[in-house]
Amino acid sequence: MFEKFKALLVEQLNVKASEITMDAELSNDLGINSLELADLILSCEDQFGIVIDDDELHTFITVGDVVRYLEANVA
């Protein structure tokens, strides 16, 4: 799941692959703003066939937070 999410970050937001780790903070380390995060979440929903509740967005601080959410919610 990490590699799939990493590929989304690289493709959509032009984040350098070398900067993406499970501990990397989406905002502080990778420079992702709230609009970019919203677009990224929509892409995750499309790619993985899930719906991510807006209330969950505030819990996505690091790449690992998103990856663990996807692992727990993707069939």
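Residues numbered from 1 in each chain as written. Predicted model: local features only at pLDDT ≥ 70, side-chain atom pairs only at ≥ 80, totals over all residues. Heavy atoms only, no water.

(A) Spatial organisation of the packing of aromatic side chains. Inspection of every chain in the model, using the stated rule, returns one aromatic pair. Plain terms: the ring middles of Phe60 and Tyr69 are 5.4 Å apart, the flat faces sit at 70° to each other, and that makes the pair edge-to-face. Each member of the pair, Phe60 as well as Tyr69, carries the same accessibility label: buried. (Phe/Tyr/Trp six-rings, centres within 6.5 Å; stacked < 30°, edge-to-face > 60°. Buried < 20%, exposed > 50% of the residue type's maximum accessible area, 1.4 Å probe, protein only.)

(B) Looking closely at the nonpolar core. Membership of the largest hydrophobic core comes to 22 residues, with the highest contact counts inside it found for Phe5, Leu9, Leu26, Leu30, Ile52, Val63 and Leu70. Mapped onto this core, the elements with two or more residues apiece are α1 (2-13), α2 (34-48) and α3 (63-73). With residues up to four places along the chain from it excluded, the contact list for Leu26 reads Gly31, Ile32, Leu37, Phe60, Ile61, Thr62, Val63 and Val66. (Core = buried A, V, L, I, M, F, W, Y, C linked by side-chain atoms within 4.5 Å. Helix = DSSP H or I, 4+ residues; strand = E, 2+ residues; numbered from the N terminus. Contact = heavy atoms within 4.5 Å.)

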